[in-house]
Protein chains: 4
Amino acid sequence: MDLDELEQRARALLPADVYDYIAGGSFDEITLDDNRTAWDRIRLRPRVLRDVRTVTTATTVLGVPLAHPIVVAPTAFHRMAHDDGEPATASGAADAGALFTMSTRSTAPIEDVAGALEGAPWWFQVYVLRDRETTDRLVGRAVASGCGALVLTGDTPVLGRRMRDVRNRFVLPSNLGTIESLDRPGNLADQDPGLTFDDIAWLRDRFGLPVVVKGVLRGDDAVRCLEAGAAAVWVSNHGGRQLDGTIATAAALSDVVDAVGTRAEVYVDGGVRRGTDVLKALALGAAAVMIGRPVVWGLAVGGRDGVREVLAALAAELELAMALAGCASVADVTPDLIA
Amino acid sequence: MDLDELEQRARALLPADVYDYIAGGSFDEITLDDNRTAWDRIRLRPRVLRDVRTVTTATTVLGVPLAHPIVVAPTAFHRMAHDDGEPATASGAADAGALFTMSTRSTAPIEDVAGALEGAPWWFQVYVLRDRETTDRLVGRAVASGCGALVLTGDTPVLGRRMRDVRNRFVLPSNLGTIESLDRPGNLADQDPGLTFDDIAWLRDRFGLPVVVKGVLRGDDAVRCLEAGAAAVWVSNHGGRQLDGTIATAAALSDVVDAVGTRAEVYVDGGVRRGTDVLKALALGAAAVMIGRPVVWGLAVGGRDGVREVLAALAAELELAMALAGCASVADVTPDLIA
Amino acid sequence: MDLDELEQRARALLPADVYDYIAGGSFDEITLDDNRTAWDRIRLRPRVLRDVRTVTTATTVLGVPLAHPIVVAPTAFHRMAHDDGEPATASGAADAGALFTMSTRSTAPIEDVAGALEGAPWWFQVYVLRDRETTDRLVGRAVASGCGALVLTGDTPVLGRRMRDVRNRFVLPSNLGTIESLDRPGNLADQDPGLTFDDIAWLRDRFGLPVVVKGVLRGDDAVRCLEAGAAAVWVSNHGGRQLDGTIATAAALSDVVDAVGTRAEVYVDGGVRRGTDVLKALALGAAAVMIGRPVVWGLAVGGRDGVREVLAALAAELELAMALAGCASVADVTPDLIA
Amino acid sequence: MDLDELEQRARALLPADVYDYIAGGSFDEITLDDNRTAWDRIRLRPRVLRDVRTVTTATTVLGVPLAHPIVVAPTAFHRMAHDDGEPATASGAADAGALFTMSTRSTAPIEDVAGALEGAPWWFQVYVLRDRETTDRLVGRAVASGCGALVLTGDTPVLGRRMRDVRNRFVLPSNLGTIESLDRPGNLADQDPGLTFDDIAWLRDRFGLPVVVKGVLRGDDAVRCLEAGAAAVWVSNHGGRQLDGTIATAAALSDVVDAVGTRAEVYVDGGVRRGTDVLKALALGAAAVMIGRPVVWGLAVGGRDGVREVLAALAAELELAMALAGCASVADVTPDLIA
């Protein structure tokens, strides 16, 4: 499967403004593009003559055994892409053995999404809203529904400005709401621009779950997250949708990995479209690699099956890339693979 | 607002040779283009989880409090772009809280421009002419009209050769003059190619105002300016209109900032089109960021309102960029934001 | 002769899917393209005023005297390109004084190919198959037919995924088989993904011939190959057909040469299209330079004569490049020629 | 004047194969293109506030006072470009105050060219032919006609392969000969591929004139030239017409200048199209900058006047560039101007 082709198929199916909302980035989309090309610029140094009769992509993320390190990143408004919405995405992810991250901007109730997972592990992405009571209630429902970790988004104190949406005068379709306002479609609660490192411990202690901070791009911030109680950090620039001109995630990863060392897991998203990109991320020190837009394209084109196919294809590509790089297991994917 | 789109709207309104005069650079326009791409090549390392409930772009420039560090650079012949000319530009700048720099090549009388500012702070850009008496008289009028500093242009001993103007056989429309010759349209007085560092102290002492030297691209020259009595230096290559092949201002800024240290403020212009460019300039050590052509496009398209909209949009973009970078104030915009 | 033009002539003659099979690389063809541009990026520092009345490209490879260091790399399925198949390629190579490497994926019997060489030196490329007995039988036939060395391919434990072939649903034409299954067309035996360094000594000892390991891209792997009994290493990424994103061979060569030192010869293939590319490879330390696709284009366009012309043209270009670089012999082609 | 436009005007006037012969480079024209872009990639650091009321481009080359450091490089077959041929080129160069270098491949007699110069200084470019007697006779005539130095071409033991000429089946028009064979049109004598450093002293001693070695691209070769008796070295890759992939002259210049130090003058040609290119070359240490193809375009378009206009325009551009860089004289053009 070629994910660029898949995107074009999804584009043909979706209203233009919906496609643009999903595909676009902020301002001049410098970071959106750079996220992609930054992986392409990295060169691999594969090993030869290793026994790869058995290659396994199996790994653990925050101690949870997974078939592979490919994880569904949180993305908004799945019912815009497909009527089946987030439950279909969650099911498809589970079918492919991929950890699913549910977004605060989900257009289906938390419980429905959790139910669709049928016991597969999942995480809940938390936008801390100005209305902390609502936040508390939403996270509480996610925890009650069995999420395994809380992903605290740290890069969205305010929304980035996306020129495609400005030009399209994009608004969420009037029949859709998100989990805090499913009964009041179109009324999205604002995020809290006053969020600080102190909120990490609050969230962890309030719900007793590990907190992963998403949006970290600097080693010093990563260290502060861990010192403030985070269980892991997630290198992301929000898919190039927030501060344009931000460093590509592939370029930021090493700084964060070096600063974190062995203290915690580091994840990465942004522009990953091939199993070789996943291999590069793992070689640079990522413990898991998150996929955003391609999952939504899969959902748009094929619903649950489409999601499964995207993730299964990436996992298969990773397995192939590992074999060709002489790596029988994720532990064999070490920094010396990078030129 | 997208400033490239604005430029295209202005282009549609203006005579082709006037558009080219404003938009063009010297010879092969290498530096013109490089000024733009040099900002794009710089990558940011935003911070997460900072309290940005209140973000302020407020700053001071030469001790004068300003709503933001975005300043109008001096540009010539505004009545070519819009009948309302420099007074409209000045009013629009004041409306947007932007410090205005009036050009010696203004097509409206100094007093009219000063009047349009209604007390808002402004600077006067000085071309020292071969005819020093005229220079003295013009600067005297600017000082009498309340300008707060004198911007001595150091990069124009002679004019750069702009091939668009050569091909268009561009001449200033016959009904327009500049401030030294409003009564003799089309007769521009020549600049003095004998200007040296000694003229800084002369200008400062003659008029008792701080002198900012514009056109500095080297640390050693910046230090000489300060030693010769300059209050600040302004990194500029005249918008790519003088020596083609000159280093982009974004690339020259660090050298000047390093050489100047804390002794004086450093400003920069050239190719700034986004709030993220302003953020990058501040992070590299600039105390203010000057905007040239986009202001003229705003003037051409919308007169006073157009100017205000350009500057207000940039200021809003800067505020957004600061929030997304985790900076609550200009003081938070430090070099570690640059990758 | 311009090899890009030759490729276009071959493209016009061949079925589209056959052309794509030969021309294509894996996934996004990043490495396929990079192999080419990596040579172009290298700059030469020619010498002047050297006596080049007599320039000789003569050299030895594994002790065998050759007219030049240009060698035919093993490529598959020559009867797809031309009815005369591998015997024509072998004859053409011999006509041009080029060492020929026969592929395990040859579509003509080993003995026919060997016969066509009429005593010229040749090597046999070994895919160790899951079925070791078949492997043993094939290599035995090659040895009995007079091959001078065994080229053990180390980079193909499994096949890379080539999107052109996926889109074209490419299959080997039903009338063709390869040497292990000429009587069972279309049934290609799988390679053994369990191949390790230990197999080098096995192969060498079993057949008493020097073993060259093909597909090495790292200095550490090269050293392990030599320690395990290899006579030489061949820097290759399989023409960009295996792990996409792999370092270009021109970029990997120095690392391998540095690690190997004077212990063994190092060869290189990938993207070589000009005599100047060969000169660069030699200057970087390669003892021979292998040519893949252009030989097949020559075969497609002109059969035996086409192969000869490609190789003779490259050898003539090398001689010319040597003269222009001030090198009278291959020994004069030293690293200082590289900028 | 824009030299790229001039080239297009010449192209419109000339037979396609003649244009290609002049414009083209060897093989893939990598070096041809790189020569141009290498100058464009260099960035300048102009100085401000220098007294440039009087700017002079005056200099000396090998002790001869010249109005500017712009020199006509030797190029072949001027009667192909214009019926007036080399005498017109020489006259135009003299008109513009540019030192003229006459080529061994001149299509007009040495004495006619010398006469056209009317006492202006000129050099004679020497191809040492296999037939040394003819060489001796030709150089003798040049010396007798008053040439001031001999330019020994060191980069052409054999001719580079130029694909345009191959495709066009280019041959020198049958009515033209060069100075060694004006009576036998089309019969060019071969250069001697056995030329070595020893021939420098031979040439110098035989004719008592300073010898400049043209085609040097390496510091070590430059030193050997000087040790062998050369008066100066000329950094050139023959306009990208010999070894393709050779380092651009702008990139090679520093290495040669560093190796030579103050012992001798270093010149450079290749891709110079602007006064800013000349400024960059001088700043990198060149004592003179040679112009090849643009002179021929000027000749083709305007004969003697066309040549003068090209050279005068470049000299004027250099003077302007010097003023804008804060350089009142060639001595002010120092390496710190380069970023």
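Residues numbered from 1 in each chain as written. Chains lettered and ligands numbered in written order. Predicted model: local features only at pLDDT ≥ 70, side-chain atom pairs only at ≥ 80, totals over all residues. Heavy atoms only, no water.

Caption draft 1: Structural detail: helix α3 (residues 30–41) of chain C. Counted at 1.5 Å a residue, the expected span for α3(C) with its 12 residues is 16 Å, and the 16 Å between its end C-alpha atoms agrees. All of the buried residues in α3(C) are C:Ile30, C:Thr31, C:Leu32, C:Asp34, C:Asn35, C:Ala38 and C:Trp39. (Helix = DSSP H or I, 4+ residues; strand = E, 2+ residues; numbered from the N terminus. Expected span 1.5 Å × (residues − 1). Buried < 20%, exposed > 50% of the residue type's maximum accessible area, 1.4 Å probe, protein only.)

Caption draft 2: Focus on the interface of chain A and chain B. Across the boundary between the two partners, chain A contributes 38 residues, which contact 29 residues of chain B. Carbon and sulfur atoms make up 60% of the area that chain A and chain B hide from each other, which totals about 2600 Å². It is A:Phe27, A:Arg218 and A:Leu243 that lose the most area in chain A upon contact with chain B, and together they represent 25% of the buried surface on that side. Our enumeration of links across chain A and chain B arrives at 7 salt bridges. One salt bridge connects B:Arg45 with A:Asp255, and the closest N-O pair in it is separated by 3.1 Å. (Contact = heavy atoms within 4.5 Å. Buried area = accessible area lost by both parts, 1.4 Å probe. Salt bridge = Lys/Arg side-chain N within 4 Å of Asp/Glu carboxyl O.)

Caption draft 3: Looking closely at the arrangement of the chains. One finds no contact between chain B and chain C; the C-alpha atoms of the two approach each other to within 22 Å at their closest. Taking C-alpha atoms as the reference, chain A and chain D come no closer than 22 Å and do not contact one another.

Caption draft 4: View of the pairing of strand β9 (residues 265–269) of chain C. Residue and element names in this part refer to chain C. For β9, a buried count of 4 out of 5 residues is recorded, marking the element as mostly surrounded by other parts of the structure. As defined by bridge partners, strand β8 (residues 232–235) adjoins β9 across 4 bridges and the pair is classed as parallel. Of the residues in β9, the one forming a bridge with Ala-232 is Glu-265. For the crossover from β8 across helix α11 (residues 249–260) to β9, the handedness is right-handed. Sheet topology note: the β9/strand β10 (residues 288–291) ladder contains 3 bridges and is parallel. Across the sheet, Val-268 pairs through a bridge with Val-289, a residue of β10. With helix α12 (residues 275–283) bridging β9 and the parallel β10, this β-α-β connection has right-handed handedness. (Pairing = 2+ DSSP bridges. Right-handed = clockwise from strand over helix to strand, strands pointing away.)

Caption draft 5: Representation of helix α9 (residues 198–207) of chain B within the structure. Residues and elements named next belong to chain B. Those residues of α9 not exposed but buried are Asp-199, Ile-200, Ala-201, Leu-203 and Phe-207. Contacts made by the buried residues of α9 are with β5 (122–126), α7 (132–144), β6 (150–153), β7 (211–216) and α10 (219–227). Phi turns positive, to about 65°, at Gly-208, one or two residues after α9.

Caption draft 6: Spotlight on the sheet that holds strand β6 (residues 150–153) of chain D. Residues and elements named next belong to chain D. Overall, parallel pairing links the 8 strands, which are arranged β3-β4-β5-β6-β7-β8-β9-β10 in a closed barrel. Adjacent strand axes in the sheet meet at a mean angle of 30° when their direction is disregarded. Across the face of the sheet, helix α7 (residues 132–144) comes into contact with β5 (122–126) and β6 while running at roughly 175° to β5. (Axes fitted to C-alpha atoms, helices over the stretch in contact; angles between N-to-C directions.)

Caption draft 7: Highlighting the relation of the copies chain A and chain B. Of the two same-sequence chains, chain A is brought onto chain B (RMSD 0.0 Å, axial shift 0.0 Å) by a rotation of 90°. Classification of the inter-copy transformation places it as that of a four-fold axis. For chain A, the minimum C-alpha distance to the rotation axis belongs to A:Arg41 and amounts to 11 Å. (Least-squares fit on C-alpha atoms with pLDDT ≥ 70 in both.)

Caption draft 8: Up close: the confidence of the model for chain A. When pLDDT is averaged along chain A, the result is 96; 99% of the residues meet or exceed 70. For this predicted complex, the interface confidence comes out at an ipTM of 0.96, alongside a pTM of 0.96. (pLDDT = per-residue confidence, 0-100.)

Caption draft 9: View of unusual backbone geometry. One non-glycine residue, A:Leu62, lies in the positive phi region at around 50°. As for its placement among the helices and strands, A:Leu62 is situated in the loop between β1 (59–61) and β2 (64–66). Looking at A:Leu62, the relative accessible area reads 27%, which means it is partly exposed. You will see that D:Glu29, though not glycine, has its phi angle at about 55°, which is positive.

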